[in-house]
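The lines below spell out each chain.
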Amino acid sequence: MFDIFRPHPRQTALILLIPVLVAVVYLGAVLRFTLDQNDGNTGALLDDTWIHVRFADHIAQGEGLSYNDGVLTTGATSPLWVLALAGAFAIVNPSIMEQINVAIVMSAVMHIVAVASITGFGWWLTRKAWIGVLAGLFTALTGRFVWMGLSGMEITTFTTFCILAIWSHSDDQRRGRTFGWRTGILTALATLARPEGYLLALLIGFVAIFITPILRGIRLTQWWATVRDGWRGVVAYVLLAGSYPLASLLISDYPLPNTFRVKSQLGNEFPELPRTFFWQPNVDYGAFVIALASVGCLFLLWQSWRSLRTQSTDPDSPLIPAVIGLW
């Protein structure tokens, strides 16, 4: 993953520093505005922040996974974020209201890490530093992502691990690996940060096991060897990502956390789920934005096919936009 960075550490640091500094300044400006508008106080933007803080506080005090005192429950859909907060609370021992500030600081730090990650990935992927810087600047200056960075939520952590997981998967493809242990760990951490990580894991596995052999012309007799090559990543993913469903099963006799069961509308998939999935984004964002996103995904897939047909210098490069476009 870091092959192009090692020969020139100073240049790497300088290139990464540009979007990182922009992210820090922008976050600082928004935070300053927030303090001015709220008499010097910060605050959580969503009740989810408080929910995570409650779970983390109880874990830090040795009370286990609970929201109400003494009642074990799997209400949190982001166990990784809860554990990270619990570790911070155990170290600095903040008061109840200061816990919110700790959560905001940690989400802001992960915002900056995400900016650095997308900068490095863009540079590595294209072998052009200016593209990496541009990707980092776009990320740093995206209003919604800045909002996430100051929300005290797990979203920036999830985004960071998604970037790193796709980056690691892309490196696996270039090196002829199916699903390396590093990719398994990073994808599992993304899954533990948010349940959408399950979808990312399925897409990476689908591309590695089915799409890659087809694009490389691997015969059916050799396909099983390709599948077996990914056992380390599969084991790493199952052990890490499977830990929370196992905990949920032991606590509530069900493998999914309580809130996820409610929001996923289990038992009411039709007609509510298709309507919510296909129509609600149109209501929230508008038909034009949905059409634009669809065109972008189709363009990435077309670019993958075109690169393969023209036999580009990097035979594995078509796989990368395919994964990003599908996801």
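Right above here is the structure, for reference.
Rules used in this analysis
- Residues numbered from 1 in each chain as written.
- Predicted model: local features only at pLDDT ≥ 70, side-chain atom pairs only at ≥ 80, totals over all residues.
- Heavy atoms only, no water.
- Helix = DSSP H or I, 4+ residues; strand = E, 2+ residues; numbered from the N terminus.
- Contact = heavy atoms within 4.5 Å.
- 1 Å grid on protein atoms, 1.4 Å probe; cavity = no way out; pocket = protein on both sides within 12 Å on 5 of 7 lines; lining within 4 Å.
- Points joined across faces, edges and corners; volume = space filled by probe spheres on them.
- Nonpolar A, V, L, I, M, F, W, Y, C, P; charged D, E, K, R; others polar.
- Salt bridge = Lys/Arg side-chain N within 4 Å of Asp/Glu carboxyl O.
- Buried < 20%, exposed > 50% of the residue type's maximum accessible area, 1.4 Å probe, protein only.
- Core = buried A, V, L, I, M, F, W, Y, C linked by side-chain atoms within 4.5 Å.
- Phe/Tyr/Trp six-rings, centres within 6.5 Å; stacked < 30°, edge-to-face > 60°.
- Polar contact = N/O pair within 3.5 Å; in protein donor to acceptor, adjacent residues only side chain to side chain.
- Expected span 1.5 Å × (residues − 1).
- Axes fitted to C-alpha atoms, helices over the stretch in contact; angles between N-to-C directions.
- Parallel < 35°, antiparallel > 145°, perpendicular 65-115°, else oblique.
- Left-handed = near helix turned anticlockwise from the far one by under 90°.

Colleague: I'd like a description of the overall build of the protein, backed by residues and values.
Modeller: Looking only at helices and strands, the protein has 17 helices and zero strands in total. Nonlocal contacts in the protein, meaning residues at least 24 apart in sequence, comprise 70% of its contacts between residues at least 6 apart.

Colleague: Go over empty space enclosed by the protein with me, naming the residues and quoting the values.
Modeller: According to the stated counting rule, one finds one cavity of 30 Å³ or more in the structure shown. In this structure, the largest cavity occupies an estimated 30 Å³ of space. Around the largest cavity sit Trp 50, Val 53, Arg 54, Asp 57, Ile 96 and Gln 99, which together line it. Mapped onto the lining of the largest cavity, the elements with two or more residues apiece are α2 (47–60) and α4 (96–126). With four residues, the top contributor of residues to the lining of the largest cavity is α2. Partitioned by chemical class, the residues of the lining of the largest cavity number three nonpolar, one polar and two charged.

Colleague: Break down the pattern of salt bridges for me, citing the residues and quoting the values.
Modeller: For the structure shown, the criterion picks out eight salt bridges. Between Arg 175 and Asp 171 there is a salt bridge, with the nearest N and O atoms lying 3.0 Å from each other. You can call Arg 175 partly exposed: its relative accessible area is 48%. Through salt bridges with shared partners, a single network forms among Asp 171, Asp 172, Arg 175, Arg 177 and Arg 182.

Colleague: Mind laying out the nonpolar core, listing which residues take part and the relevant values?
Modeller: With 28 residues, the main nonpolar core has Phe 121 and Trp 167 as its most contacted residues. Secondary-structure elements contributing two or more residues to this core are α4, α7 (155–174), α8 (181–193), α9 (197–215) and α11 (231–241). In terms of residue count, the dominant contributor to this core is α7 (eight residues).

Colleague: Can you lay out the environment of Ala 60 for me, pointing to particular residues and giving the numbers?
Modeller: Structurally, Ala 60 can be placed in helix α2. Expressed as a C-alpha distance, the spacing of Ala 60 and Ala 86, which sit 26 residues apart in the sequence, is 4.9 Å. Here Ala 60 is in contact with Ala 86, Phe 89 and Ala 90, once residues within four sequence places are set aside.

Colleague: Can you explain the packing of aromatic side chains? Please cite residues and give values.
Modeller: Tallying each qualifying case throughout the model produces nine aromatic pairs. Seen in terms of ring centroids, Phe 55 and Tyr 67 are 6.1 Å apart; in terms of plane orientation they differ by 50 degrees. Their pairing is tilted. Taken as a pair, Phe 55 in helix α2 and Tyr 67 in the loop between α2 and α3 (79–92) lie far apart in primary sequence, 12 residues in all. Note on Phe 55: relative accessible area 2%, which makes it buried. Plain terms: the ring middles of Trp 124 and Trp 167 are 6.2 Å apart, the flat faces sit at 45 degrees to each other, and that makes the pair tilted. One end of the pair, Trp 124, is in helix α4; the other, Trp 167, is in helix α7, and 43 residues separate them in sequence. Accessibility expressed as a relative area gives 1% for Trp 124, which makes it buried. Chaining the aromatic ring pairs together yields one cluster made of Phe 2, Phe 5, Phe 121, Trp 123, Trp 124 and Trp 167.

Colleague: Help me get a handle on the side chain of Ser 168, residues and values and all.
Modeller: Structurally, Ser 168 can be placed in helix α7. Judged by its relative accessible area of 0%, Ser 168 is buried. Of note is the side chain of Ser 168, whose polar atom sits 2.7 Å from the side chain of Thr 183. For Ser 168, the contacting residues outside a window of four places in its chain are Met 1, Arg 182, Thr 183 and Leu 186.

Colleague: An account of α8 is needed here, citing residue identities and associated values.
Modeller: Look at α8: 18 Å from first C-alpha to last across 13 residues, which is about the 18 Å you get at 1.5 Å a residue. Of all 13 residues making up α8, 10 are buried, and the element is well covered by its neighbours. Inspection of α8 places Thr 183, Gly 184, Leu 186, Thr 187, Ala 188, Leu 189, Ala 190, Thr 191, Leu 192 and Ala 193 among the buried residues, and these make up the whole buried set. Tucked inside the fold, the buried residues of α8 contact α3, α7, α9, α11 and α12 (243–252).

Colleague: Let's hear about the side chain of His 58: which residues, and what values?
Modeller: Position of His 58 among the secondary structure elements: in helix α2. Side-chain polar atoms of His 58 contact the backbone oxygen of Ser 66, separated by 2.8 Å. Ignoring sequence-local partners within four residues, the contact set of His 58 consists of Glu 63, Gly 64, Ser 66, Tyr 67, Asn 68 and Asp 69.

Colleague: I'd love a proper account of the environment of Leu 65, names of residues and values included.
Modeller: Assignment of secondary structure puts Leu 65 in the loop between α2 and α3. Sequence separation between Leu 65 and Arg 54 is 11 residues, and the spatial gap between their C-alpha atoms is 9.5 Å. Residues within four places of Leu 65 in sequence aside, it is in contact with Phe 55, Ile 59, Val 71, Leu 72, Thr 73, Thr 74, Tyr 244 and Ile 251.

Colleague: Kindly report on the packing of α2 against α3, identifying the contributing residues and their values.
Modeller: Two packed helices can be described by the angle between their axes and the distance between those axes. α3 packs onto α2 with a crossing angle of 55 degrees between their chain directions and a minimal axis gap of 8 Å. As judged from the angle between their axes, α2 and α3 are oblique. The handedness of the crossing between α2 and α3 is right-handed. Contacts between α2 and α3 pair His 52, Val 53, Phe 55, Ala 56, Asp 57, Ile 59 and Ala 60 from the former with Trp 81, Val 82, Leu 83, Leu 85, Ala 86, Phe 89 and Ala 90 from the latter. Of the residues contributing to the contact of α2 with α3, the split by class is 12 nonpolar, one polar and one charged.

By themselves, these observations are geometric and do not establish any function.
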